[in-house]
Amino acid sequence: MKYSKKDYIDRYSRQIVLKNIGISGQKKISSSKIFVVGAGGLGCPITDLLCRAGVGEIGIIDHDKVSLSNLNRQTLFTTTDINKYKVDVLKKKLKTINPLVKVNIFKKKITQSNIKNLISKYHIIVDASDNFKTKFLLNEKSVQYKKKLIVGAISRFDGHIFTFDFNKNTTACLKCFYQEMPPDEILNCEQEGILGATASLVGSLQANEILKIILGSKNILENSILILNTLNLKFRLVKFKKLKKCICGF
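Residues numbered from 1 in each chain as written. Predicted model: local features only at pLDDT ≥ 70, side-chain atom pairs only at ≥ 80, totals over all residues. Heavy atoms only, no water.

**Student:** Explain the overall build of the protein chain here, please?
**Tutor:** Assigned secondary structure in the protein chain consists of 10 helices and eight strands. Dimensions of the protein chain, computed from C-alpha atoms along their principal axes, come out at roughly 55 × 40 × 40 Å. Taken over 250 residues, the protein chain has a buried fraction of 51%. Nonlocal contacts in the protein chain, meaning residues at least 24 apart in sequence, comprise 65% of its contacts between residues at least 6 apart. Carbon and sulfur atoms make up 53% of the accessible area of the protein chain, which amounts to about 12800 Å² in all. (Helix = DSSP H or I, 4+ residues; strand = E, 2+ residues; numbered from the N terminus. Buried < 20%, exposed > 50% of the residue type's maximum accessible area, 1.4 Å probe, protein only. Contact = heavy atoms within 4.5 Å. Areas by Shrake-Rupley, 256 points an atom, 1.4 Å probe, with all protein chains shown as cover.)

This is how it looks when you write it as structure tokens:
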């Protein structure tokens, strides 16, 4: 099916009418390339919203299959998708949502040995993983290759979001905040539990940060962490400093 200029305008009309976006902003969105690590509770809302916004190209990496216990929070999957690879399902569904978006999938784990080739062509790296080993790897390589990185974490009713732009020398990194890698038990949904709405909210806020970066907004979570709790509806913005003896140091 061919899409005309009118179809393009109609599809994104509710964004284009926003004075912070307009035609020029929509063109920026449509020319952006985003790489998402993880196709679960965060990856579903992130890729869904980026696809609907008209991001030009989305890469998604995940090696897992859909399970019944995923369905309370992984909003692009249904019962009929159980035992299918998540990335296969996402690609098919995202293409039905917006066929103008190019979707690349990688049915594997991201590692020290393959990360450079995977992320090299993408403008923004998005952490939607469920473990700190992956988050710290993405942080290290995003610093090294001067990428923009959006990090999300969820557990129970709690969520954390970071935004980093490593093109700037003043930007702190994930290691500046944590310094030591936290135990993965903190993010274990099987043991700790997770409210589906919390995952969707954090993923949506990550997508919002991504679009703000694409559009050149100065109002991003730089050198800050957004901490939220959906049970008591508390949101906190905590500032932290760039450390000299860190991988991102001066």
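The structure having been displayed, the exposition proceeds.
**Student:** Explanation requested: the packing of helix H4 (residues 43-53) against helix H10 (residues 196-215) in the structure shown.
**Tutor:** Each pair of packed helices can be described by the angle between their axes along with the distance between the axes. In contact at an axis separation of 8 Å, H4 and H10 are set at 40° when each is read in the N-to-C sense. The angle between the axes of H4 and H10 places the two elements in the oblique class. In this structure, H4 meets H10 at a crossing whose hand is right-handed. Counted together, Pro45, Ile46, Leu49, Leu50 and Ala53 of H4 and Ala199, Ser200, Gly203, Ser204, Gln206, Ala207, Ile210 and Leu211 of H10 form the full contact between these two elements. Of the residues contributing to the contact of H4 with H10, the split by class is nine nonpolar, four polar and no charged. (Axes fitted to C-alpha atoms, helices over the stretch in contact; angles between N-to-C directions. Parallel < 35°, antiparallel > 145°, perpendicular 65-115°, else oblique. Left-handed = near helix turned anticlockwise from the far one by under 90°. Nonpolar A, V, L, I, M, F, W, Y, C, P; charged D, E, K, R; others polar.)

**Student:** Explain unusual backbone geometry here, please?
**Tutor:** For residues besides glycine, phi is generally negative; the peptide bonds are generally trans as well. Positioned with a positive phi, Gln179 is a non-glycine residue whose angle comes to about 65°. Taking relative accessible area as the criterion, Gln179 reaches 45% and is therefore assigned partly exposed. With phi around 55°, Leu233 is a residue other than glycine that occupies positive phi space. Mapped onto the elements of the fold, Leu233 is located in the loop between strand S7 (224-229) and strand S8 (234-239).

So far we have only geometry, and geometry alone does not tell us how the molecule works.
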